[in-house]
There are 2 protein chains.
Amino acid sequence: MKAHVYVTLKTTVLDAQGQTIANALRRLSMTGVTAVRQGKYFVLTLDPSLDKAAAEAQVDKIAREVLTNPVIEEYSFRIEE
Amino acid sequence: MKAHVYVTLKTTVLDAQGQTIANALRRLSMTGVTAVRQGKYFVLTLDPSLDKAAAEAQVDKIAREVLTNPVIEEYSFRIEE
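As annotated in an unreviewed UniProt entry, chain A carries the name Phosphoribosylformylglycinamidine synthase subunit PurS and is attributed to Terriglobus albidus. The UniProt entry for chain A carries the following comment under Subunit (unreviewed entry): "Part of the FGAM synthase complex composed of 1 PurL, 1 PurQ and 2 PurS subunits." Among the UniProt annotations of chain A, the heading Sequence similarities (unreviewed entry) holds the following wording: "Belongs to the PurS family."

See below:
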């Protein structure tokens, strides 16, 4: 069982890295993209003895307390069987 | 229309950052996780005039040529209507 955690800057926070990528795409004449935001992606391999509810609770706790800076970031996750 | 691009180290490449997180989780007594791999996550906002096939082709090109280092990384993406 794996958990996929996505951490992004809150939409109110300036994402300089994403803007730099968007500018680079324009310079490279790669059209069709109006904005880019960059975040972090984590794949957690979970102990197979956890049931789905326990896995969700544990991943939520880890994402909230360890992987995310709550001042400027937000997270989402999904569990893959 | 948005594209979500996930870039991860190839499984054959040592992910020191992910191992550091896994060790930190053990030190913090957060159980249930046997391994962590870290990657990058990009959200591209796409020009709404693109149709789905054109968007897929363009996002694939951008992910392959700009967002990924093909020597050590691999990518996947999904388009959200």
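There is more to say after this.
Asks: Describe the interface of chain B and chain A, naming the residues involved and giving the relevant values.
Replies: Across the contact, 31 residues belong to chain B and 31 residues belong to chain A. In this structure, the connection of chain B to chain A is made through 0 salt bridges. Counting across the chain B and chain A interface gives 12 residue pairs in polar contact (both at pLDDT 80 or more). Listing elements by their share of the side of chain B that touches chain A, those giving two or more residues are β1 (2-9), α1 (16-27), β2 (33-46) and α2 (52-67) of chain B. With 13 bridges connecting them, strand β2 (residues 33-46) of chain A and β2(B) associate as antiparallel partners. For L44(A), the partnering residue across the bridge sits in β2(B) and is V36(B).

Asks: Describe α1(B), and please don't skip the residues or the numbers.
Replies: Every α-helical turn comprises 3.6 residues, leaving residues that sit three or four positions apart pointing alike. Given a rise of 1.5 Å per residue, 12 residues ought to cover 16 Å, and the 16 Å separating the end C-alpha atoms of α1(B) matches this to within 8%. Among all positions of α1(B), only G18(B), I21(B), A22(B), A24(B) and L25(B) are buried. The buried residues of α1(B) all sit within an arc of 160° when viewed along its axis, so they share a single face. For α1(B), the exposed residues lying more than 90 degrees away from the buried face are T20(B), R26(B) and R27(B). Buried-residue contacts for α1(B) involve β2 and α2 (52-67) of chain A together with β2 of chain B. Trailing α1(B) by a residue or two, S29(B) shows a phi angle of about 55°, which is positive.

Asks: Hey, could you go over the pattern of salt bridges for me, with residue numbers and the actual values?
Replies: On inspection of all chains with the given rule, the structure shows 10 salt bridges over all chains. Here K61(A) and E65(A) are joined by a salt bridge, their closest N and O atoms 3.6 Å apart. On the criterion of helical spacing, the pair formed by K61(A) and E65(A) is a turn pair, its members being 4 residues apart in helix α2. A relative accessible area of 45% places E65(A) in the partly exposed class. D60(B) is paired through a salt bridge with R64(B); the nearest N and O atoms lie 2.7 Å apart. Within this pair, D60(B) and its partner R64(B) are both found in helix α2, separated by 4 residues, close to a single helical turn. Judged by relative accessible area, R64(B) falls into the partly exposed class, the value being 40%.

Asks: So what about the environment of K61(B)? Which residues, and what values?
Replies: Look at K61(B) and you get partly exposed, because its relative accessible area is 32%. For K61(B) and T34(B), which are 27 residues apart along the polypeptide, the C-alpha to C-alpha distance reads 34 Å. If sequence neighbours within four positions are ignored, K61(B) has contacts with M30(A) and V66(B).

Asks: Can you lay out the relation of the copies chain B and chain A for me, pointing to particular residues and giving the numbers?
Replies: What relates the two chain copies is a rotation about an axis together with a slide along it. Between chain B and chain A, the superposition needs a rotation of 180° and an axial shift of 0.0 Å, giving an RMSD of 0.0 Å. Read as a symmetry element, the transformation amounts to a two-fold axis. Of every C-alpha in chain B, the one belonging to K40(B) sits nearest the axis of rotation, 2.3 Å from it. When the interface residues of chain B are mapped onto chain A, 100% of them again fall at the interface, so both copies present the same face.

Calculation notes
- Numbering of residues starts from 1 in every chain and runs along the sequence as written.
- Whichever chain is written first is A, and whichever ligand is written first is 1; the rest continue in order.
- Whole-chain, interface and lining totals are the exception, using all residues; otherwise, since this is a predicted model, local features are given only for residues with pLDDT of at least 70 and side-chain atom pairs are given and counted only at 80 or more.
- Only heavy atoms go into the side-chain values, all of them from the structure, while hydrogens and water stay out.
- UniProt positions are given in the numbering used here, feature names are shortened, and annotations may be inferred rather than shown by experiment.
- By the convention used here, residues are in contact when the closest approach between their heavy atoms is within 4.5 Å.
- For salt bridges, the criterion is a side-chain nitrogen of Lys or Arg within 4 Å of an Asp or Glu carboxyl oxygen.
- Whenever a nitrogen or oxygen atom comes within 3.5 Å of another N or O atom, the pair is scored as a polar contact, on the condition that within protein one atom can donate a hydrogen and the other can accept it, and that pairs from neighbouring residues in sequence are kept only if both atoms are in side chains.
- Where helices and strands are cited, they refer to DSSP runs of H or I of at least four residues and of E of at least two residues respectively, numbered from the N terminus.
- Any two strands with at least two DSSP bridges between them are considered paired.
- Here the expected span of a helix is defined as 1.5 Å times the quantity of residues minus one.
- Relative accessibility thresholds used throughout: buried, under 20% of the residue-type maximum; exposed, over 50%; partly exposed, between the two (1.4 Å probe, protein chains only).
- Along the arc lie the directions from the helix axis toward the C-beta atoms.
- Superposing the copies works by least squares over the C-alpha atoms of residues that have pLDDT at least 70 in both of them.

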